[in-house]
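Fold and geometry: a report
Here's the letter readout for the chains.
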Amino acid sequence: IKVAGWQGKIDPSEARQGGKLENAKLEKVGNDLRVTTGPAVAYWNPSNVATGNYTVKATFTEEKYMSLNNHPHPYGLFIAGNDMGTDKQSYLYCTAYGNGRFIVRGFSGDTTFRLNGRGEEHAAINKASGVGASVTQEIALSVKGDKIECAINGQVVGSYDKSMAVGEKKLKSTDGVYGIRFGHNTDAVVKGLTLTKH
């Protein structure tokens, strides 16, 4: 991790297989963040905390689609991070794939919970024209009253009742740390990670 103040933790399953945080890289390129992963990982700055009703947004560019893998891997945002960096950490993420799919899923310690199964397609999500092509997605995760919404490229692709995500073996709350989440063997640039309060 070459960005001051930032921390990271790889997925429990990757750690069990011998993966190490050092096998993934977070660096600054100008005002942007660049992530190159081995293992699947979440990165955050502990001072980035969102409470109440809010939207977290960033733009992700995979400059060379599937450059480090033989099938599409996702990247995107997470919110509601609690106990980050510990074995009990919990958060909820929405990530996009360069083939037009997205997935909304959460972690609570070793437990995974899925809000849209194994992911789904949506017309709003940009598709890379081919392997090695550039593809960009603007991803936003919002908490609005009793709803959690994921919007990609300006369109809501998934809306979920908060009750689906908060509770035992799920999130402690929708308040918490926000950050970025990358699947394994992925390389992308993150621009304009911002928080807007509602």
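You'll find the structure just up there.
One structure accompanies this document, and this report is about it. (Residues numbered from 1 in each chain as written. Predicted model: local features only at pLDDT ≥ 70, side-chain atom pairs only at ≥ 80, totals over all residues. Heavy atoms only, no water.)

**Section: the pairing of strand 15 (residues 187–197)**
In the sheet, strand 3 (residues 32–36) pairs with strand 15 via 4 bridges, with the strands oriented antiparallel. Note that in strand 15 the partner of Thr 36 across the bridge is Asp 187. With 7 bridges joining them, strand 5 (residues 54–62) and strand 15 adopt antiparallel strand pairing. Note that in strand 15 the partner of Thr 61 across the bridge is Val 189. (Pairing = 2+ DSSP bridges. Helix = DSSP H or I, 4+ residues; strand = E, 2+ residues; numbered from the N terminus.)

**Brief notes about the packing of aromatic side chains**
Here the structure, examined in full by the defined rule, presents 7 aromatic pairs. Among the aromatic side chains, those forming a connected cluster through ring pairs are Phe 78, Tyr 91, Tyr 93 and Phe 107. (Phe/Tyr/Trp six-rings, centres within 6.5 Å; stacked < 30°, edge-to-face > 60°.)

**A short note on the side chain of Thr 37**
Tracing the chain through its elements places Thr 37 in the loop between strand 3 and strand 4 (41–50). Under the relative-accessibility criterion, Thr 37 is labelled buried at 5%. Reaching out from Thr 37, the side chain makes a polar contact with the backbone nitrogen of Asn 185 at a distance of 2.9 Å. Residue contacts for Thr 37: discarding those within four places in its chain leaves Asn 23, Ala 24, Leu 68, Phe 182, Gly 183, His 184, Asn 185 and Thr 186. (Buried < 20%, exposed > 50% of the residue type's maximum accessible area, 1.4 Å probe, protein only. Polar contact = N/O pair within 3.5 Å; in protein donor to acceptor, adjacent residues only side chain to side chain. Contact = heavy atoms within 4.5 Å.)

**Some details on the nonpolar core**
Within the largest apolar cluster, 46 residues are counted, with the highest numbers of intra-cluster contacts made by Phe 60, Ile 79, Ile 152, Ile 180 and Phe 182. The contacts of Phe 182, once residues within four sequence positions are left out, are Val 35, Thr 37, Ala 40, Val 41, Phe 60, Pro 74, Tyr 75, Ala 188 and Val 190. (Core = buried A, V, L, I, M, F, W, Y, C linked by side-chain atoms within 4.5 Å.)

**Topic: unusual backbone geometry**
The phi torsion at Asp 83 lies on the positive side, around 55°, for a residue other than glycine. Structurally, Asp 83 is set in the loop between strand 6 (75–82) and strand 7 (90–96). We note that Lys 169 has phi near 60°; this positive angle belongs to a residue other than glycine. Relative to the helices and strands, Lys 169 is located in the loop between strand 13 (155–161) and strand 14 (176–182).

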